[in-house]
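Report on the structure
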Amino acid sequence: MVSSPTPLKTPLKGSQLKSDIHSEWCPGCGDFGITNSIQQAIAGLGMKPWETFIVSGVGCSGKVPHYIHTYGMHTLHGRSLAFAQGAKLANPNLHIIAAGGDGDGYGIGAGHFVHAGRRNMDMTYVVFNNEVYGLTKGQASPTLAQGAQPKSLALPNPTTAINPVTLALACGYTFIARSYAFDAKHLKETIMKAIQHKGMALIDVLQPCPTYNNIHTKDYFAEMVDVGGSQVPRVYYLENEGYDGVVKNPNDINEVNAKQAQCFEQAHKVEDRVALGVYYQIERPTFQDILKKNIPLLNEFTPVELPYYDPQTMIANTDLSKAAADFTI
Amino acid sequence: MNRTHDLCWMIGGPQGTGVDSSATLFARSCAVAGYWVYGRREYHSNIKGEHSYFQVRVKTEPVYSHTDPVNLLATFENSTAQLHAFEIVDDGAFIYDPKVTDPAKLDLKPGVLLFPIPFDQILEEIAQATGKTQTSLSIIKNTIAVAASMALCQLDISAIEEALNGIFTGSKAKLVSLNMQAATKAYEIMKNNPDTAKFNYVMEKPATVPAKGSRYLLNAAVATGLAKLKAGCRLQTYYSITPAVDECIYLEDLSEYGLPVVQCEDEIAAINMAIGGGTTGVRASTSTSGPGMDLMTEGLGWAGINEVPVVMFNYMRGGPSTGLPTRHEQTDMLACLFSGHGEYPKIVMCPGDAREQFYDTFKAFNYADRYQTPVTFISDKLLANNTVCFPKFDDSNMKVDLGVMAGKDAKFDENNIEAALQKFPRFKITEDGISPRALPGMPGHIYWMTGDEHCEYGHITEEPEIRIPMQEKRMKKLDLAAREILPEDQLVVHGPENAPITIVSWGSTKGVILDTIKVLKEKHNLDVNFIQIRLLSPFPVDAFKKAMANVKRAVVVESSFGGQITQLITMRTGIQIEHEVLKWSGRPISETELVAAIQEINEKQSRKVVLSYGL
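Description of the structure in this document. (Residues numbered from 1 in each chain as written. Chains lettered and ligands numbered in written order. Predicted model: local features only at pLDDT ≥ 70, side-chain atom pairs only at ≥ 80, totals over all residues. Heavy atoms only, no water.)

What to know about the pattern of salt bridges
Heads up, the rule is: Every case where a carboxyl oxygen of Asp or Glu lies within 4 Å of a side-chain nitrogen of Lys or Arg is listed as a salt bridge. In this description a helix means any DSSP run of H or I spanning at least four residues, a strand means any run of E spanning at least two, and both kinds are numbered starting from the N terminus. Each residue is placed in one exposure class: buried if its accessible area under a 1.4 Å probe, protein chains only, is under 20% of its type's maximum, exposed if it is over 50%, and partly exposed if it falls in between.
Counted according to the given criterion, the structure contains 47 salt bridges over all chains. Note that R79 of chain A is salt-bridged to E298 of chain B, the shortest N-O span being 3.8 Å. Of this pair, R79 of chain A sits in the loop between strand 2 (71-74) and helix 2 (80-90) while E298 of chain B sits in helix 10 (residues 290-306), which puts the two residues in different chains. The exposure class of R79 of chain A is buried, given its relative accessible area of 8%. Classification of E298 of chain B as partly exposed rests on a relative accessible area of 32%. With a shortest N-O distance of 3.8 Å, K381 of chain B and E42 of chain B are connected by a salt bridge. Placement of the pair is K381 of chain B in helix 13 (residues 381-385) and E42 of chain B in strand 3 (residues 36-42), with a sequence separation of 339 residues.

Re the sheet that holds strand 20 (residues 528-533) of chain B
All names here are of chain B. Our working rule: Any two strands with at least two DSSP bridges between them are considered paired. Axes here refer to lines fitted to C-alpha atoms; in helices the fit is confined to the stretch in contact. Angles between the N-to-C directions go from 0 to 180 degrees. The contact rule is simple, with two residues in contact once any of their heavy atoms fall within 4.5 Å.
Reading across the sheet, the 6 strands line up as 18-20-19-22-23-24 and stay open at both edges, with mixed pairing between neighbours. Of all strands in the sheet, those with a lone pairing partner are strand 18 (491-494) and strand 24 (608-611), marking the two edges. Across the sheet, the mean angle from the axis of one strand to that of its neighbour is 20°, orientation sign disregarded. As judged from the 4 bridges shared by strand 22 (residues 554-558) and strand 23 (residues 579-583), these two strands associate in the parallel manner. Counterpart to V556 in the pairing with strand 23 is E580. Most of the contacts of helix 19 (residues 591-604) go to strand 23, to which it runs at about 155°, and overall it touches strand 19 (501-506), strand 20, strand 22, strand 23 and strand 24.

Section: the interface of chain B and chain A
How big an interface is tends to be stated in terms of accessible area lost as the parts join. Put simply, the test is: Once two parts are joined, some of their accessible surface, as seen by a 1.4 Å probe, is lost; buried area is that loss totalled over both. Polar contact is the term for a pair of N or O atoms within 3.5 Å; when the atoms are in protein, one must be able to donate a hydrogen and the other to accept it, and sequence-neighboring residues count only if both atoms are side-chain atoms.
Contacts between chain B and chain A engage 80 residues on the former and 67 residues on the latter. When the two sides are added together, the surface that chain B and chain A hide from each other amounts to roughly 6,000 Å², 65% of it contributed by carbon and sulfur. By the criterion of area lost to chain A, the three top residues of chain B are Y257, E265 and W448 of chain B, representing 10% of everything that side buries. Seen at the junction of chain B and chain A, the total is 4 salt bridges. We note a salt bridge from K322 of chain A to E256 of chain B, for which the minimum N-O separation is 3.1 Å. The tally of links from chain B across to chain A stands at 33 residue pairs in polar contact (both at pLDDT 80 or more).

Quick notes on the layout of surface pockets
Here is the rule we go by: Two kinds of site are reported from a 1 Å grid over the protein atoms alone, namely cavities, where a 1.4 Å probe fits but cannot get out, and pockets, open sets with protein on both sides within 12 Å along at least five of seven lines, and residues are called lining when an atom falls within 4 Å of a point. Grid points are joined across faces, edges and corners, and a volume is the space filled by probe spheres set on the points. As a working rule, the residues Ala, Val, Leu, Ile, Met, Phe, Trp, Tyr, Cys and Pro are called nonpolar, Asp, Glu, Lys and Arg charged, and the rest polar, with Gly in that last group.
Approximately 1,500 Å³ is the volume attributed to the largest pocket. Approximately 950 Å³ is the volume attributed to the second largest pocket. Taken together, 41 residues line the second largest pocket, and the ones lying closest to its centre are N91, V304 and E305 of chain A together with L439 and M442 of chain B. A class-by-class count of the residues in the lining of the second largest pocket yields 20 nonpolar, 11 polar and 10 charged.

Things to note about the sheet that holds strand 7 (residues 175-180) of chain A
The strand order across the open sheet formed by 9 strands is 11(A)-12(A)-7(A)-8(A)-4(A)-3(A)-1(A)-2(A)-17(B), and the pairing between neighbours is mixed. Of all strands in the sheet, those bounded by a partner on one side alone are strand 11 (235-237) of chain A together with strand 17 (448-450) of chain B. In this sheet, adjacent strand axes meet at a mean angle of 20° when their direction is disregarded. As judged from the 5 bridges shared by strand 1 (residues 52-56) of chain A and strand 3 (residues 95-101) of chain A, these two strands associate in the parallel manner. Looking at the pairing, F53 of chain A lines up with I96 of chain A of strand 3 of chain A. Contacting strand 4 (123-129), strand 7, strand 8 (200-206) and strand 12 (274-281) of chain A, helix 5 (residues 164-171) of chain A crosses the sheet at an angle of about 165° to strand 7 of chain A.

Points about empty space enclosed by the protein
Residue and element names in this part refer to chain B. Within this structure, the stated rule accounts for 5 cavities of 30 Å³ or more. Of the voids in this model, the largest cavity is the one considered here, and its volume is about 90 Å³. In terms of lining residues, the largest cavity is bounded by 14 residues, among which L382, S508, V512, P588 and I589 are the most central. Partitioned by chemical class, the residues of the lining of the largest cavity number 6 nonpolar, 8 polar and no charged. Taken as a whole, the second largest cavity encloses approximately 70 Å³ of empty space. Those elements that provide at least two residues to the lining of the second largest cavity are helix 13 and strand 16 (387-391). A class-by-class count of the residues in the lining of the second largest cavity yields 6 nonpolar, 3 polar and 1 charged.

As far as function goes, none of this settles anything; it's purely spatial.
Below is the structure:
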């Protein structure tokens, strides 16, 4: 029978979610912070590691499942969401966290990114956004600004950058947030919110690449900037500025329009500062909800549980006669 | 008037005018009357307007192919008349609408009997009787053409009513009486025509009429759909492509069986989503055609190195590139065998007809689970679209094989979290290459997967001491499959022993080859047998060599330019087959063509016969 996963009575510590594999990332890489926050979030929510499935693509970020002690799937470049959605469709009781880089998710995987939003599958997608392709020596990723020239580029970047937040908004993501790799508390809390959200959640995580991105470095994010003559931290929190991205009534078209417009405007603000937080959130039927309406049996069984054979004899016992009636002569 | 036991009927028209439903009605009516039928569907890559046609061959015994000249052509529009009139045999018949077609302007053989039918007049009478407009009834022209044909062949009109009852069910049931009004009128017109008695192809009654409900009339797309439900497939993904989409739409419509069918953004998503499903323990599959398979190969390689069960169905069509999107060809074989970079064990199956496709589809899921590897299943446009009559498939004793599973009874004990957190050697090196499987969700069996080479737990490694045995372990599964898969599922020899000619082939040519063997024996007293290769990987090397040991003259038959099976046989066995019958026009090989080709090879020892008949 369909049952929702229940949390552990005694939650684990984040450290119990570290695997015994030594990380291959460069010293100072933002990937450490993100991995740690994912572990903290899983522990914080009391999730069972064996019911948690981390799915990644290819690149530095692709290695993240190996460092977390849950079931893990390190897939193909750009394809993590396709694999992840298949796993979720088959066993909706699994908590699926897809994780990947900006090239992986917004470049080669852009098609899947778009359609995962349209489906509103109930899962979390964490994108490690460092604006470069690290594992192939620092080429421009889809989020690097036009004209930007990190030290690894021979010429300034000739193409414009995509905006992950508004792209996700356009595609139908129902939870869209931005966080920062070295803001452990905010990142952990944002991941927890995303996991708890019922629907397709994107967290675009800004992340320094200490080896190839000498523009948006750890120091850059830590700097103070001048706003109206006063020095304020570069990184700030939307919620502290009175911004509320959560749609309270999804059926109120005016509220939805207003929240979407606000999200678009905030995501495109041209400023020296970096805004973290939930840009947009709404409750919409998930792919699973709709599937259950179309296929009533799925209200009783998940696909992986739906029986089709006698366990004693292993004989397949689906009765085909109804389907076969149409062409029986 | 003679009697025949073998009739080839054709109907044609612009796409979208009901050519398919007309042929379905004719085929079903004949089947209901106790005959065996084979229906061949030809259509353009276009939605409405281009020419499509459907041939239905009717026999008193099972039949698996079409013949070239037709005995009876029925049409209610002029393009079919112009295109196909020359194909009618010299004592055949032509049913047409005199309002749109002038037979004097057609390339008809002199003896062809002409049967003008006043299609519009019949529609008008029904329109008046029912108060409907004539335009809204125009689709009924198909029924009129079918009824006229049935009358000509002296088949009972009650078969049409029974067939209509089978086709129009549920909310459409009220269409039966409307269609029967038209059928009755057309039937009467033909019965009253004095020329009807001159028609030479009056169907002989079958010696034994099969019991009602004992047969299926279906195509392989439907057969596979059924088998997927039976095999417990629980995730079907696809990206729309002809002709694979037929199977997917069929399954989507059977939602009461609980199978989610997901239309994906592309074939890359389709295969990877299916693999994602496969990792969690559901039986998952995707269906595509050549261009889609090209896109899927990266995913198949991932499933190969991660030992994930998944089944990919490739319904071949004309290639390369978009090629002939709605036409038949058998040219993806080598691509299926060699797709994907690097080396991983592939099981590649190739059924020869809809019946085999039903049983093989079920087995494909068993093989995927047992050998924990992707299975490529090759079908084609001919099998997907052509309807055949078979005795009902027996699905009463089909056994599910899930392979070796670990941790099925794994329970979570809240007091023993350490045990629940245990990791599991998912890719354990074993003697036969099979590692026990556990699934995400099972406590105490945590493991990882990666497209990189990996250790037993699934973590990345580049160490030769792991790479060497790990690759060996995976590839060993092919040896095991070769030993375990039933011999008859690998290779079958049909026909008499010690024949002077042996046909070697695979896939959908099976039907025409079996029919040809019969004709060559009955009409030309020539013994021919047939080695049907049913498993392409692992290739049945020993069985093939054994079957070839006493062969006098071997001929490969294939719908391709290059003779792909000829190449594969040489590669796998060193045997070089000298004779080939090839066709790459996009149209399937007919019995007429193959009979002539084999005779030519027998008499003239021709090395290669190229076939090209058909529009």
